[in-house]
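Each chain is listed here by its residues.
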Amino acid sequence: MTKNKLYTSVFILNEANVLLGMKKRGFGVGRWNGFGGKVDADETILEAAKRELLEESGLTVNELQEAGILKFEYLGESEILEVHVFTACKFEGTPTESEEMRPKWFPIPEVPYNDMWPDDRLWFPLMFRGQKFSGYFKFNGHLEIQDYTLEPACT
Ligand code: 6U4
Ligand code: NA
Ligand code: NA
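Here's what I pulled together on the structure shown here. Predicted, not measured: the structure shown is a model, and the values here were computed from it.

The next point concerns the coordination of the sodium ion (ligand 2). Protein coordination at the sodium ion (ligand 2): the donors are Gly 36 (O), Glu 56 (OE) and Glu 100 (OE), at 2.2 to 2.3 Å from the metal. When the donors of the sodium ion (ligand 2) are listed by position in the chain, the intervening gaps give G-x19-E-x43-E. Here the sodium ion (ligand 2) and the sodium ion (ligand 3) are spaced 5.8 Å apart. Placement of the pair is Gly 36 in the loop between strand S3 (32-33) and helix H1 (45-57) and Glu 56 in helix H1, with a sequence separation of 20 residues. Like Glu 56, Gly 36 is buried.

Take Cys 89: it is sitting in the loop between strand S5 (79-88) and strand S6 (101-107). Using a relative accessible area of 53% as the deciding quantity, one classes Cys 89 as exposed.

Turning our attention to the packing of aromatic side chains. Scanning all chains against the criterion turns up 17 aromatic pairs. Between Phe 27 and Tyr 74, the aromatic rings sit 5.3 Å apart at their centres with planes inclined by 85 degrees, giving edge-to-face as the arrangement. Note that Phe 27 is positioned in the loop between strand S2 (17-23) and S3 and Tyr 74 in strand S4 (residues 65-74), a separation of 47 residues in sequence. We classify Phe 27 as partly exposed; its relative accessible area is 36%.

Attention now moves to helix H2 (residues 120-129). Within the sequence span of H2, burial applies to Asp 120, Trp 123, Phe 124, Leu 126 and Met 127. Looking straight down H2, one finds that the buried residues subtend no more than 165 degrees of arc, so they occupy a single side. Note on H2: the residue one or two positions beyond its end, Gly 130, has a positive phi of about 75 degrees.

Turning our attention to the site of ligand 1. Thr 8, Lys 38, Tyr 74, Asp 119 and Asp 120 are the nearest of the 20 residues found near ligand 1. At 2.8 Å, a side-chain N or O of Asp 119 approaches a nitrogen atom of ligand 1. The protein chains hide 83% of the 660 Å² of surface that ligand 1 would expose on its own. Looking at the shell around ligand 1, the elements that each hand over two or more residues are strand S1 (3-13), H1, S4, S5 and H2. Of the residues in the shell around ligand 1, the class split is nine nonpolar, four polar and seven charged.

Attention shifts here to the pattern of salt bridges. If you walk through the whole model with that rule in mind, you get eight salt bridges. Salt-bridge contacts for Lys 23 lead to Glu 100; the nearest nitrogen and oxygen are separated by 3.5 Å. Placement of Lys 23 in strand S2 and of Glu 100 in the loop between S5 and S6 is noted, with a sequence separation of 77 residues between them. For Lys 23, a relative accessible area of 10% puts it in the buried group. Note on Glu 100: relative accessible area 17%, which makes it buried.

So, how was this worked out
- Residues numbered from 1 in each chain as written.
- Chains lettered and ligands numbered in written order.
- Predicted model: local features only at pLDDT ≥ 70, side-chain atom pairs only at ≥ 80, totals over all residues.
- Heavy atoms only, no water.
- Donors = N, O, S within 2.8 Å, 3.2 Å for Na, K, Ca; no water.
- Helix = DSSP H or I, 4+ residues; strand = E, 2+ residues; numbered from the N terminus.
- Buried < 20%, exposed > 50% of the residue type's maximum accessible area, 1.4 Å probe, protein only.
- Phe/Tyr/Trp six-rings, centres within 6.5 Å; stacked < 30°, edge-to-face > 60°.
- Arc of directions from axis to C-beta.
- Near = heavy atom within 4 Å.
- Polar contact = N/O pair within 3.5 Å; in protein donor to acceptor, adjacent residues only side chain to side chain.
- Areas by Shrake-Rupley, 256 points an atom, 1.4 Å probe, with all protein chains shown as cover.
- Nonpolar A, V, L, I, M, F, W, Y, C, P; charged D, E, K, R; others polar.
- Salt bridge = Lys/Arg side-chain N within 4 Å of Asp/Glu carboxyl O.

Set out below in structure tokens:
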């Protein structure tokens, strides 16, 4: 039986820019990511999203907007990652490098899709438009998407 494991990913947006983090270690190393990680057993998904954002970027948010839910199957691995994606426009603090992430603002037309997970170029446009989405991606390795579905969601 495959089991879903819960993760979060947070993107800070302003009118024209998105804050991404260069992953310095672990899963997704060398790629620009959202700030996030595993949901611990004793916390809600929202609590996890805020905690990981603070740990990895130094930023605090009161409110997060739900952007979408993505499921990732990595062939040969037993767990399916269920990633809850959030955005925030208001935050407190200054983006600060952590052991895990190096934050950087990107103008939206300059998002470095070639140095990101290959699925990101498919759903980022929905996130930027504020269209909620639901997706399922089956990966062969970390470079090739073998199959996927991506739909607008109204959750
Ligand atoms: P540790 O070091 O165990 O505390 P933790 O920060 O809890 O790690 P991490 O960073 O391994 O967890 O979580 C993986 C992150 O990568 C989550 O934010 C989800 C995200 N992620 C995984 N696959 C992705 C993909 N294909 N596209 C994407 N984000 C992905 O955009
Ligand atoms: Na993380
Ligand atoms: Na974690």
